[in-house]
Structure formats: C-alpha cells, structure tokens
Amino acid sequence: MTRVLEASGMSVAFAGIRALDNVSVSVAAAERVGLIGPNGAGKTTLFNCLLGILRPDAGRVLLNGVDVGGWPAHRRARAGMGRTFQRVELFADTTVREHLLIAERVRNGTGAFWKDLIGRGRPTPDEVAVCDEVLELLGIAELADKPVESLSLGQSRLVEVGRALMTGPQVLLLDEPSSGLDRDETQVLADTLRAVQDTRGYAVLLVEHDVSLVADFTERTYVLDSGALIAEGSTADVLADPAVRRAYLGSFEVT
Amino acid sequence: MILASGFFEDLFRGILQGTPPGAVYALIALGFVLTYKTSGVFNLAFGAQAYISAAMYFKVHSVWGWPKWAALLVSVFVLAPLVGLVLERAIFRHLRTASAVSKLVVTIGLSVALPEIFNWAARFSAVAGRQITGIVPDGAGVYYDPFGVYRFNRDELAMMAVALAGTLLLAALFRFTMMGLSMRAVVESPRMTELSGINANRVSAFAWALSSTFAGMAGVLIAPRFNSLSSGDYFTLVIIAVAAAATGLLISLPRALLGGLGLGWFIAVFNTFLPGLADDHTWLRPFQENLTPSLPFVVLFAILVLWRAVGRQREASDPLAGVDPPPPALAALERHPKLTLFTRLFGVFFVTVVGLVVWFRADVLWMSLVTKAVIIALIYLSVTVITGMGGQISLCQGTFAAIGGFTVFQMADRFNMSVLAAALIGAALAAVVGALLSLPVLRLGGVWLAIATLAFAFFFDAVMVKFSWVGGGSTALLTGTQVPRPLIGPIDFASDRAFLVLAVVALVVVSVVVIQLREGTIGRTLAALRGSEVAAASIGISAARARIVAFAVSAAIAGLGGALLAMHQQNVNYALNFAPIVALFWLVVVVALGSRTVEGAIQAGAAFALFEPLILQGELLGWIVRGEERLPEFFPLSGNWRLILFGLMAMQFARHPEGLVEHGKRRSATRINGWLEAREARA
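Keep in mind that this is a model prediction, so the values were computed, not measured.

Criteria and cut-off values
- Residues numbered from 1 in each chain as written.
- Chains lettered and ligands numbered in written order.
- Predicted model: local features only at pLDDT ≥ 70, side-chain atom pairs only at ≥ 80, totals over all residues.
- Helix = DSSP H or I, 4+ residues; strand = E, 2+ residues; numbered from the N terminus.
- Buried ≥ 20, exposed ≤ 12 C-beta atoms within 10 Å, placed from the backbone.
- Contact = placed C-beta atoms within 7 Å.
- Rg over C-alpha atoms; globule rule 2.2 N^0.38 Å.
- Domains from an automatic or database assignment.
- Nonpolar A, V, L, I, M, F, W, Y, C, P; charged D, E, K, R; others polar.
- Expected span 1.5 Å × (residues − 1).
- Pairing = 2+ DSSP bridges.
- Axes fitted to C-alpha atoms, helices over the stretch in contact; angles between N-to-C directions.
- Parallel < 35°, antiparallel > 145°, perpendicular 65-115°, else oblique.
- Left-handed = near helix turned anticlockwise from the far one by under 90°.

## Remarks on the overall build of chain B
Right, on to step 1. A count of helices and strands for chain B gives 29 helices and four strands.
Right, on to step 2. Buried positions account for 49% of the 683 residues belonging to chain B.
Right, on to step 3. Residue pairs in contact within chain B that sit at least 24 positions apart in sequence constitute 78% of those at least 6 positions apart.

## Topic: the overall build of chain A
Right, on to step 1. A count of helices and strands for chain A gives ten helices and ten strands.
Right, on to step 2. The C-alpha radius of gyration of chain A comes to 19 Å, within 12% of the 18 Å expected for a compact globule of 255 residues.
Right, on to step 3. Reported as C-alpha extents along the three principal axes, the dimensions of chain A are approximately 60 × 40 × 35 Å.
Right, on to step 4. For chain A, the proportion of its 255 residues judged to be buried stands at 45%.
Right, on to step 5. Sequence separation of at least 24 residues holds for 68% of the intrachain contacts in chain A that already meet a minimum separation of 6.

## Some thoughts on the domain arrangement of chain B
All names here are of chain B.
Right, on to step 1. Its domain assignment divides chain B into domain 1 (16-280) and domain 2 (367-611).
Right, on to step 2. One C-alpha centre belongs to domain 1, the other to domain 2; they are set 33 Å apart.
Right, on to step 3. Every contact between the two is made by ten residues of domain 1 and, on the other side, twelve residues of domain 2.
Right, on to step 4. Broken down by secondary-structure element, the contributors of at least two residues to the side of domain 1 that touches domain 2 are helix H4 (100-121) and helix H9 (231-247).

## Some details on unusual backbone geometry
All names here are of chain A.
Right, on to step 1. Unusually for a residue other than glycine, Asn64 sits at a positive phi of about 55°.
Right, on to step 2. Topologically, Asn64 is positioned in the loop between strand E4 (58-63) and strand E5 (66-67).
Right, on to step 3. We note that Glu176 has phi near 45°; this positive angle belongs to a residue other than glycine.
Right, on to step 4. For Glu176, the location among the structural elements is in the loop between strand E7 (171-175) and helix H7 (183-200).

## Topic: the domain arrangement of chain A
How big an interface is tends to be reported as the loss of accessible area on association of its parts.
Residues and elements named next belong to chain A.
Right, on to step 1. Assigned domains of chain A: these are domain 1 (1-80 + 169-255) and domain 2 (89-167).
Right, on to step 2. Here the C-alpha centroids of domain 1 and domain 2 sit 26 Å apart.
Right, on to step 3. With 14 residues of domain 1 at the contact, the number on the domain 2 side is eleven residues.
Right, on to step 4. Of the residues forming the side of domain 1 that touches domain 2, the biggest block, eight residues, is contributed by H7.
Right, on to step 5. Tallied by class, residues from the side of domain 1 that touches domain 2 come to nine nonpolar, three polar and two charged.

## Quick word on helix H17 (residues 419-441) of chain B
Right, on to step 1. For H17 of chain B, which comprises 23 residues, the first-to-last C-alpha distance of 32 Å matches the rise-based estimate of 33 Å (1.5 Å per residue) to within 8%.
Right, on to step 2. If you check which residues of H17 of chain B are buried, you get Val419, Ala422, Ala423, Gly426, Ala427, Ala430, Ala431, Val433, Gly434, Leu437, Ser438 and Val441 of chain B.

## So, the sheet that holds E4 of chain A
Strand pairing in a sheet takes place through backbone hydrogen bonds and is either antiparallel or parallel in direction.
All names here are of chain A.
Right, on to step 1. Pairing is antiparallel across the open sheet formed by four strands, whose spatial order is E2-E1-E4-E5. Every interior strand has two partners, whereas the edge strands, strand E2 (17-28) and E5, have only one.
Right, on to step 2. Note: strand E1 (residues 3-14) against E2, eight bridges, orientation antiparallel. Among the inter-strand pairings, Leu5 is bridged to a residue of E2, identified as Val27.
Right, on to step 3. Relative to E1, helix H1 (residues 43-51) is tilted by about 120°, and along the sheet it contacts E1, E2 and E4.

## Focus: the interface of chain B and chain A
Right, on to step 1. The partner chain A presents 32 residues to the 27 residues of chain B that form the contact.
Right, on to step 2. At the level of elements, helix H20 (496-519), helix H21 (521-531) and helix H22 (533-538) of chain B are the ones that each hand at least two residues to the side of chain B that touches chain A.
Right, on to step 3. For the side of chain B that touches chain A, the element with the highest residue contribution is H21 of chain B, accounting for seven residues.
Right, on to step 4. When grouped by side-chain class, the residues that make up the side of chain B that touches chain A number 16 nonpolar, nine polar and two charged.

## With respect to helix H23 (residues 543-569) of chain B
Residues and elements named next belong to chain B.
Right, on to step 1. Counted at 1.5 Å a residue, the expected span for H23 with its 27 residues is 39 Å, and the 39 Å between its end C-alpha atoms agrees.
Right, on to step 2. Among the 27 residues in H23, 23 count as buried, and that is most of the element.
Right, on to step 3. Looking one or two residues beyond H23, the residue adopting positive phi is Gln570, at roughly 55°.

## Observations concerning the sheet that holds strand E8 (residues 203-207) of chain A
All names here are of chain A.
Right, on to step 1. Strand order across the open sheet formed by six strands is E6-E7-E8-E3-E9-E10, with mixed pairing between neighbours. In this open sheet, the two strands that pair with only one neighbour each are strand E6 (81-83) and strand E10 (228-234). On average, adjacent strands in this sheet sit at an angle of 20° to one another, irrespective of strand direction.
Right, on to step 2. Two strands pair when backbone bridges link them, and strand E9 (residues 220-225) and E10 are joined in this way by six bridges, in the antiparallel orientation. From the neighbouring strand, Leu224 faces E10, where its bridge partner is Leu229.
Right, on to step 3. Contacts from H1 reach strand E3 (32-36), E6, E7, E8 and E9, with the element oriented near 150° to E7.

## A short note on the packing of H20 of chain B against H23 of chain B
All names here are of chain B.
Right, on to step 1. Two elements in contact, H20 and H23, have axes whose closest approach is 11 Å; the angle formed by their N-to-C orientations is 175°. Between H20 and H23, the crossing angle belongs to the class labelled roughly antiparallel. Contacts between H20 and H23 involve Phe499, Ala503, Ala506, Val510 and Leu517 from the former and Val553, Ile557, Leu564 and His568 from the latter.
Right, on to step 2. Taken together, the residues that form the contact of H20 with H23 break down as eight nonpolar, one polar and no charged.

## Some details on the packing of helix H16 (residues 397-415) of chain B against H23 of chain B
Think of two packed helices as two axes; the pair is described by the angle between the axes and how far apart they sit.
All names here are of chain B.
Right, on to step 1. Orientation of H16 relative to H23, taken along the N-to-C sense of each, is 50°, at an axis distance of 6 Å. Overall, the two elements H16 and H23 adopt an arrangement that is oblique. Viewed along their axes, H16 and H23 form a crossing whose handedness is right-handed. Of the residues in H23, those in contact with Gln397, Phe400, Ala401, Ala402, Ile403, Gly404, Gly405, Thr407, Val408 and Phe409 of H16 are Ala555, Ala558, Gly559, Leu560, Gly561, Gly562, Ala563, Leu565, Ala566 and Met567.
Right, on to step 2. The class makeup of the residues in the contact of H16 with H23 is 13 nonpolar, seven polar and no charged.

## What to know about the pairing of E9 of chain A
A regular strand carries its side chains on alternate faces of the sheet.
All names here are of chain A.
Right, on to step 1. Direction of pairing for E3 relative to E9: parallel, over a ladder of four bridges. Paired with Ile36 across the strands is Val223, a residue of E9.
Right, on to step 2. Connecting E9 to the next strand, E10, in antiparallel fashion are two residues, including Ser226 with a positive phi near 50°.

## Remarks on the environment of Val203 of chain B
All names here are of chain B.
Right, on to step 1. Mapped onto the fold, Val203 is located in helix H8 (residues 200-222).
Right, on to step 2. Given 25 C-beta atoms within a 10 Å radius, Val203 is considered buried.
Right, on to step 3. Between the alpha carbons of Val203 and Gly489 there is a distance of 68 Å; along the sequence they are 286 residues apart.

## Focus: the environment of Ile108 of chain B
Residue and element names in this part refer to chain B.
Right, on to step 1. Considering the arrangement of structural elements, one finds Ile108 in helix H4.
Right, on to step 2. A tally of 25 C-beta atoms within 10 Å means that Ile108 is categorised as buried.
Right, on to step 3. A C-alpha to C-alpha distance of 17 Å links Ile108 and Ala604, two positions 496 residues apart in sequence.
Right, on to step 4. Setting aside residues no more than four positions away along its own chain, Ile108 makes contact with Leu44, Leu584, Leu587 and Val588.

## What about the environment of Leu85 of chain B?
Right, on to step 1. Here Leu85 of chain B is to be found in helix H3 (residues 68-92).
Right, on to step 2. If near-sequence neighbours (up to four positions away) are discounted, Leu85 of chain B is found in contact with Ala205, Trp208 and Ala209 of chain B.

Structure representation (structure tokens):
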C-alpha cells in the first residue's frame, strides 16, 4: 500500500515543554485516518507541522515519498496537501464560486501576468465548469453566486472543502470540521465528505474532537496525549482501548 | 579624569550628550506605547500632539508673557490631555474594533491636520531664528559638569529629571492602582473588559489623556533643541518614538524606555565619531552630511528589517472581534443593474460635459489644474493597487513618483532622451525599486510594513535626493530640475491642450490596466490574500510573490505619474510634489474617498487638485452666482481650510472605513433597491 503522507519522528518543544515527542503518523492512498486526543494533546501542533506552518525540531514529512520538510505551506499545497480550518477562513468580499475559481487558477498555473494585462486573466468557461462540478458534488450549487458572508457555518465548511478539492489534493487534512456544528449539521457534513471521497478517491486525515464523527468516518485512528502517541490502529479497536478512554477522562458511546 | 584615553572619553561624552534627548525620546515612546496598549492605535499623530503643546507653551510664555509655570500648566496639563480626550471621544472610540490599518490612516490624517488646525485656531505661525526657552529659568545658560567631559545645561537636566519622574509615575500607576490594572485588561479585549463590569470607555479616555500629557511634556522639553518650532521636526520625533517602541515590540514599557535612551545615545555617539572618520575617509563625506538627519529613519528601518521578532508579532486583535458582523460586500455587487446603467450613463455624461467645458472655455490656469488632477488621479491608482487590491499601506508612493520624475529629468538632461521613453524607463526603475523594497519588508505585517515604507520615504528624502545623480545636486526646493514637454513626431505637447489629452490617454490606459489586473489572476490572488493569508497558502498561493508583483506594479504606476507630473510642470518640484508628508496626504485622501475602485482614485485626484481653487477660492460659487463681485466677503477662504477639512475627512473615514464614496454608493444602492422592491411589490 503506497503511503501518501508519512511523518516520522516529529518532535516540537515550546519553551522547554514537549508539545510533540517523536510522533509518527502515515496515511495511505484513499484511506480515511483519524487523529484524536484531548485538548492540549498536540493535535494542532502536529497538524501545523505536517502543513509547513510550523517547523518541527526533528522529524521528516514525506508527501508521495518526497521529503517536503523544508517546503513552505503554499508549495506543499501545490504538491497535493489540501486542508480546511477549524475557525473558518474564507476570502471576504468574494462569492462561493470565486473561491473555487482562484484555487483552480492556481492549480492549473495559467495565470501569467501578461495575460492579465491583455484581459485574458478572467475565469474561462472551462474553469467555471470544473468549479460548478465540484459545487454540485458538495450539494451547494445553488450557493455559487452568494457572497460567503451570507453563508451558515456548515455551508462555509463545505465551501472550504470545495476550495481544498480544487487543488486536486492527494490527501485532505480536515481540522476539526465539526466544531461549532450541531449533531444534524455534523451528520450532513460527514455524509457529504464520505460521498465526495468515494468519487474523488483522495486520502483524508481528520483531526477531530467529536469522537462520534471519527468513529463514523474513519478507518484507522491515532490517539495523541500530552504530545505522544498512546494508541493507533483500526478505529473500532482504538476507541475500545481503555487507555484511550482514560485519556478522555471518562467513557463515551461508540455508535 | 578617569577616562584618559581619547576614544573612551569621546564615547563617554557621546553617551552623556545623548542622555537628555534620549530621556525625552523615552518619554514620548512611553506615551506612544501606552496609547497602543490601551487602544490599539498606532498613533502617528503623537508628534502633532507634542507640537501643539510646544507651540502653545511658546505662545503663552513668549508671546503673552505669562510666567513659565503658568505656560506649562496651560500647555501640558490642560491643553494636552484635552486634545487626547477629544481625539478619543470623537474618533478613536469608534475605531476600537477597526483594523489596525484604518486606525493608522486616521492618525496620519491627524498628524497633517492637527498642527494646521492649531496654528489657525491660535493664530500661531512658526517662529524661526528665535530662541525657544525651556521650562527652567536660564535653561541654556547655567552648566553642570559632573564628570569633566560634558557640560549639561539646565534644560538638559530638566529633560532627564522630568523623564525620570514620568517613568516612575507610570510604573507606579500600572503597579499599584486599579486604573492601571483596568488599562491592561482593556488592551486584551475592550468588550470582555466591559462584560466584567469595567467602563472601557472611561479607561481608554484616561489613557489617552495621560499619554497626550506625555506627548505634550516631551514636546515642550525638546523644543529648545530645535531652531524653530515646526511640525516637521515633531513628526521626526514620533518616528524616533516608533523606533524606540519597536524595540519593545510595542508592548513592553521598560524596553520602550531603554529603546528611547539607546537611540539618544546611538545618535549622539554616531555624531561624535562620524565627522572624524569622514575627515580621514573622504568617501564617507556625502553620507555624513546626508545620513545624520535621516539617522532615526535608518535605525527604524534596520530594526524592522533585521529584527525578526517584529515581523513575527501579530497585530493586537480583540478576541471577541469574531462577533462583529463581517464587512459588507462592495456596493457594486448588490446594486440593481438599472442603477449601475444609470450611474455609468451619468458618469459618461458628466465627464463629457466637464471635458467640453474645459476644452472650450478654460483658461491656461484651469487647463493646468485639470491636467494636474488627471495626473494625480493616475498616481492615486497606484494606491488602488497596493492598498485597495493588496490590502497594504505603503507610505512611499511619493518616493516612487519622484523616481519617475527624476529619471525623466536625468535622462533628458544628460542624454537628451525623449521624455516619453524616459517616463517608461522611470516607471520601470520605480518598479524595480518597489520590488527590491518589498523583499525585506514583506514579512512585516500591516502597520509595520507601512512604517518601514515611511522610513524608506524619509531616507530617500534626506539622503538620496541630495545626490547629483538623483536630484541634480541643487538644494532647497530642487527647482533646478528642468523637464521639457514631450514631442512625438509632428505633435508637440508643449501646448497645454495637447498635454491634457496625453494625460487623459495615460489615465485611461492605466485605469484599464488596473481593472484588468483586478479582474485577472493577480487581483483575485490578492483578494484571497487579503481575505485570509493562511487559507490562500492552503490553495498554493505564494504571498511573497503576489505582494512583490503588487508593489512593483504600484510603484510603476506611481513612477509613470511622477514622470507625467514633472513634464506637466516642466520641473520635478520634489519638495512640493513628492515629499513624504505629501505622500501621507495622498494616502489619506485616496483611502478616505475609496481605495477599492478606479473611480474612487479619480474622484480623489480631482478632490486633491481642484478642491482649493474650486471651492475655497470661490470659483464654483462665483460661477453659480455669475460674477465674482457678488461673492460673499469671506472668499477666498484661507488654504488652511483645506487641511482642516482634511482632518474632518479623516474623522469621517473613522466611521466609514470602506471609504466615503463607497459609503455613499452603498447608501444610494440600498435606498434605490428598497424603492424598486416596493414598486415591484405594488405591481
């Protein structure tokens, strides 16, 4: 099985505190992997290291077997790492479709400066078609011309997913997509994510607080606690693990 | 004397000499940090506030003949806090959750307008060649020489004593009082503080009054060091305060204090040693002459560029800012198509009528004014690119324009080159300078980027302009920089009418380019970056590359405009057209009227060039009442009104940070949409 994303030996210290201690995670092609852990476990730190927002003190990140350790975030994005944000990050003053259009333009790399000057920089019908296809897939086609300020949180998250999909990701990193959503909205999001992933066939790394979403969505799960991996394996096994339950200070129902 | 060796004695003397001004710098830096900490305002008008107190002190003591203590009381302990309170109440209270950049624009506006408003209200004019007295009797006369190397006069001792007292007072306030604690809380989040039962408005008002008192005190203390009272010197003072505050990352009061002292020492030591070095190494001489006045800017620029912590620091933002409604979309997006059609038709009609009137009826003066308005509008489009599209404040657009103007002058003067070709070279050169400048300052965020460009503008102003290969080597206003009008084959643009056509063509071309860029990849990339930098990176956008392009394009447009302006006036007129303070004025006009749209830039250009003759001198009214003799007696109004209205405009901008034109458009769009909907509902 080919590994799309492989991080090994990641360590980070903030002012002497070990935020990550020799953590290794990997995601295979088209696999759905979860990453859970209580607050302060180091989930966000690991996430940021994978994406190139934070430089780890030690460790390697391989994307399709290429060492991307020294690459800035935007280069990793072009190489196939898509992401969404826990606190929704959309571009103000632009419509839903424009979000996808700019991502498509960056991906296909046809935006030369001279083309702007002679008026060839506007979106082409092909680009619009590709974007509308993705909006259709996500079930938000009717929102295409809405300014993003008018969307609900759940819709905004779908726009983020759509924008990430436009980059043609091999692995999609989802940062707590359920935060701020209620149970029904989370369910809709999970269903959509699964349906889209089935058609598109990219891998997913889901960082999540809501264990039910992880149980529902992922095949394999890593558990972080105090900067170290305390469990990994198939999601059902991991969630049944007593050590994991202890880390979460109590029990939860696996549905 | 213990320090016998010459070098150490010089060094020691330099440090002693630098301590009194350093103490004043520290005082003003403390006030600056205090304002920033409690209201998030990067107050560039701080120098203007210091100027007001210093001028008031002079007026009360030297002109009215009041005793010094009374003058001090009136200027520092009454006027200064009052100014602070008024500013807080009228402007900054409404801006508490505004972006750091819009706050900065407002303070820039105030830094230009406040001294003028004071001068007009107090009928004060700058005094040159008169000794300005300090706060102690016989301040410049009696000397004290504790170490046998440097003689402090009384003024200098007063500076150090007052600065020390101010520092201790502030430390005690923060440490021991409830108000100090509240101030610290307000910094974190005004709204959360209010939720915990503290009146954030009162705390913020107190902080403004206090910091303004610091500014006023510093202004009065430092005045004897200047030859005359000029608001320009005080603007330099605020740059020093910014540099000192930057060493404390704008949050640490003790480090701001040390930073102020350190700058005083550095400047004095530098001035002690450089002349000697320049005697030995002649190549240093032009730098010695030019660098000394610009030292604060060089230091500031170096701190910003070299010290990585400044770039990493995020702007103070309110944790509860997320509860604010998002900024509304551009009015054009929600405008009814019929209204859009109507405004376009009206715009074409208006421009045609104005064009016809100017073409057939205008005399030489008016023709020239309209041409200037067109060229200024072109330069303002450079602000549309960097600020409207790129979301960044550049305070050196005047410098880019000057590069264009000087290139045309040099090329025509030395190589007898066609000025139009030279204008293109000038634009290209400005683009290169813009791109190079953007490289080191890119990692700086919002306000720091603006300050770095300001430092660059002042550096260019103090050093580069004086080189003969830039400004032609002449002094003063640099009026010796003759530029001919262009000549293409049989068409001679020496005629004002022909040149107006050329300017309009240039404006149209650049407008089209800007619109194309905005709709094209670059514009949409910049819009994404403006919206969210991390999200833009997550889809593969390189912020650095996009911003370098934005800087280069903006600089090229400004350079082209500068070249045209030089051709129009047949002289570069650096001090009048392109000096840093003029560029500050430009920025405020464009941003206040609307930096997002091309028509905003054009309206701003017209306002900048035509407001004074058209409105203040009563031309428009005279035309309406048909005959200048029928004008009311108070016309022509004083040019100061322009600056006062400019200040009012900055205040208006505080309430409508999207720009006044945009605000007006949105209001009319909402109204007409409502009207149309009502009509449809009836039908």
